[in-house]
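What follows is the residue order along each chain.
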Amino acid sequence: MSETGARAPSRWLMLGVSMLGQVAATIYVNGAPFLIPYLHLERGLSLPEAGVIAAAPFVGVMATLVLWGLVVDRIGERASMAAGLAIVTVGATGAAFSSSLVALGAWFVLGGIGAGSTNSASGRIVVGWFPAHRRGLAMGIRQTALPLGVGAAALLVPNTVSTEGLRATLLVTAAICAAATALAALLIVDPPRPSREQAADSGQLVNPYRRDHRLTRIHLASALLVIPQFTVWTYMLVWLIDEKGWSTFAASALVAATQLLGAAGRIGAGWWSDRVGSRLGPMRVVAIAAAATMLALGLLSGTPLGIALIVIATAVTVADNGLAFTSVAEIGGPYWSGRAMGLQNTGQYVVSAAVPPLIGALISGHGYAVAFAVVALAPLLAIPLVPVRGERLSATD
C-alpha cells in the first residue's frame, strides 16, 4: 500500500511499460548505425561520414542526460518519460521529411535529446518499486530493453530502408515512439520516496560525489566498457556484409538474434549480483571477459571462429551495464539517483558518440582485425577502476 492508502500498482507492470518506452527510444537512437550500410554502399558516403550521421542521435542523448536526471528528480518518472518520448516522435517525423543529410543529422540530434529521458526515468522506476534483494534481477530485465531495441532495429532498419526507403523507415520508427509515449503517460505511476525532511534526517540529501569516489570510478569504468559494446553493435552488420559476403537479410537476422544473448547476459548478471550481494564484483569479472573476448576476436576475425566470437562479444560486452546502473542508483539515493544515472549515461554516450567515426577511421586505415584488437584495451583499463570496497546492499535499501 502507498502512503496515501491507495493500492500500489504492479511493480512488474511498471517495469514492463518503462521497458517499452526505452525499447522505442533505443530503436530510434540505435537504428541510426544500421543505416551505415545504406549510407555507405547506396548513398556513397565514406565510413567516417556515415559514422557521423549514425552518431547524431547519441550526441542529442549525451547532451541532455544530466538535465533529464535533474528533471526526473524534480517532477517524477511518468511526466519525464512521456515528454521525452514525445520529443523522440517529433525527431523521427522530422527526420523522415528532411531534405539533406545535414537536416537529417539535426533531426536525429533532436530525437536523441528526447530519448535521454528514458534512461533515468526507467532506472528510477526499477529502484523505486523493487526491493534491493530483487533489484539486480529487475534492473537486468530492464537493461534488456537496450539489446531488444537494438535487435528490433537490426531487423527493421536495414531491411525497410533497402526496400521502402529512408522516409518509410523513419515514419515506422515515429509510430513506435508515439505508441510508447501514450503508454507511458497512461500507465506509469511514480514510485514512492521519502519526504525531503526524512531524506535530510537520514543523510540522503547529501551530495554522494562529496562522500567518496565510488560513483566517479564507476562512471569512468563504464565509459571504457561501452567502447567494445558499441564497436560490435555498430560494425557487426557491415562487417558481415562487407567482409564476410553475407546478404543484408542474413546479416541483420544474425545481429538481431545475438541481441537475445545480450538480453540473457544482462538478466543473468543481475540475478548473479542479487545472489552474491554485490554489483561491483561481477562487474569486474565482466570487464575481464570483455577484454579477453575482444582480443580473441581481433586475432581470429579472419577465421571461421570470427563469427562465433563476435556473437559471444555481443553478450559479454553488455553484461556490465545493469550492474553499474543499479550500483549508481543505490549509491545515489532517492534524491540524487536521477542525476547520478544521468552522469553515468552521459559518460557512456560521450564515448558511444565517438565510437562510430573513430572506429570507422581505424577500420578504413588498418582493417577490422586491428580495430577489434585495439578495442580490447578499453575493458582492460576499466578493471582497476571498478571499486573493490565500500559496497553495501540490504533488503531495506
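Residues numbered from 1 in each chain as written. Predicted model: local features only at pLDDT ≥ 70, side-chain atom pairs only at ≥ 80, totals over all residues. Heavy atoms only, no water.

Regarding its fold elements, the chain presents 19 helices and zero strands. Summarising its shape, the C-alpha atoms of the chain cover approximately 60 × 45 × 30 Å along the three principal directions. Every one of the 397 residues in the chain was classed for burial, and the buried ones make up 56%. A fraction of 83% describes how many contacts in the chain between residues 6 or more apart in sequence connect residues 24 or more apart. When the accessible area of the chain is evaluated, it comes to approximately 15000 Å², of which 67% is carbon and sulfur surface. Computed over 24 positive and 17 negative side-chain charges, the inter-centroid distance for the chain is 6 Å. (Helix = DSSP H or I, 4+ residues; strand = E, 2+ residues; numbered from the N terminus. Buried < 20%, exposed > 50% of the residue type's maximum accessible area, 1.4 Å probe, protein only. Contact = heavy atoms within 4.5 Å. Areas by Shrake-Rupley, 256 points an atom, 1.4 Å probe, with all protein chains shown as cover. Lys, Arg positive; Asp, Glu negative; His and termini not counted. Charge placed at Lys NZ, Arg CZ, Asp CG, Glu CD.)

Now for the packing of helix α12 (residues 214–242) against helix α13 (residues 248–276). Two elements in contact, α12 and α13, have axes separated by 8 Å at closest approach and are oriented at 155°. Compared by their axis directions, α12 and α13 come out roughly antiparallel. Note on packing geometry: the crossing formed by α12 with α13 is right-handed. Of the residues in α13, those touching α12 at Q229, W233, M236, L237, L240 and I241 are T248, A251, S252, L254, V255, T258, Q259 and R266. Looking at the contact of α12 with α13, its residues break down into eight nonpolar, five polar and one charged. (Axes fitted to C-alpha atoms, helices over the stretch in contact; angles between N-to-C directions. Parallel < 35°, antiparallel > 145°, perpendicular 65-115°, else oblique. Left-handed = near helix turned anticlockwise from the far one by under 90°. Nonpolar A, V, L, I, M, F, W, Y, C, P; charged D, E, K, R; others polar.)

Under the domain assignment used here, the chain contains domain 1 (11–189) and domain 2 (206–385). Of note, the centres of domain 1 and domain 2, computed from C-alpha atoms alone, are 18 Å apart. Contacts between the two partners involve 46 residues from domain 1 and, on the opposite side, 50 residues from domain 2. Interface of domain 1 and domain 2: buried area, both sides summed, is about 4000 Å²; carbon and sulfur atoms make up 73% of it. Where domain 1 touches domain 2, the interface holds two salt bridges. The closest approach of N and O atoms between E330 and R135, which form a salt bridge, is 3.2 Å. If you look at where domain 1 meets domain 2, you find five residue pairs in polar contact (both at pLDDT 80 or more). Elements supplying a minimum of two residues to the side of domain 1 that touches domain 2: α2 (36–42), α3 (47–75), α6 (117–129), α7 (132–143) and α8 (145–163). (Domains from an automatic or database assignment. Buried area = accessible area lost by both parts, 1.4 Å probe. Salt bridge = Lys/Arg side-chain N within 4 Å of Asp/Glu carboxyl O. Polar contact = N/O pair within 3.5 Å; in protein donor to acceptor, adjacent residues only side chain to side chain.)

Residue placement: L47 occurs in helix α3. Exposure remark for L47: the relative accessible area of 8% places this residue in the buried category. C-alpha of L47 to C-alpha of S337: the two residues are 290 residues apart in sequence and 38 Å apart in space. Apart from the residues within four sequence positions on either side, L47 is in contact with I36, H40, Y235 and S364.

The next point concerns a nonpolar patch on the surface. There is a patch of nonpolar side chains on the surface, built from L13, L20, L183, L186 and L187 and spanning about 460 Å² of accessible area. Here the nonpolar patch gets three residues from one element, more than from any other, and that element is helix α9 (residues 166–187). As for its position among the elements, L13 is in helix α1 (residues 11–31). (Patch = residues over 30% accessible without salt bridge, like charges linked within 9 Å, V, L, I, M, F, W, Y side chains within 5 Å.)

Spanning 29 residues, α12 covers 42 Å between terminal C-alpha atoms, matching the ideal 42 Å at 1.5 Å per step. At Y235, α12 shows its largest kink, close to 45°. Within α12, 23 of the 29 residues are buried, which leaves the element mostly enclosed by the surrounding structure. (Expected span 1.5 Å × (residues − 1). Bend = angle between axes of the 7 residues up to and from the residue.)

If you look at the biggest cluster of nonpolar residues, it comprises 107 residues, and the most contacted ones within it are F34, F108, M283, M294 and I310. Among the elements that make up this core, the one with the highest residue count is α12 (16 residues). The contacts of F108, once residues within four sequence positions are left out, are Y28, A32, L35, I53, A56, P57, A95 and L170. (Core = buried A, V, L, I, M, F, W, Y, C linked by side-chain atoms within 4.5 Å.)

Moving on: the packing of aromatic side chains. Applying the stated criterion across every chain, the model contains six aromatic pairs. Aromatic side chains Y368 and F372 sit 6.2 Å apart centroid to centroid with 40° between the ring planes, which places their arrangement in the tilted category. One end of the pair is Y368 and the other is F372, both in helix α18 (residues 368–375) and four residues apart, which spans about a single turn. In textbook terms, an aromatic cluster arises when at least three aromatic residues are bridged by ring pairs, as seen for F58, F230 and W233. Here the basic side chain of R11 rests over the ring of F130, its NZ or CZ set 5.6 Å away from the ring centre. (Phe/Tyr/Trp six-rings, centres within 6.5 Å; stacked < 30°, edge-to-face > 60°. Lys NZ or Arg CZ within 6 Å of the ring centre and 35° of its normal.)

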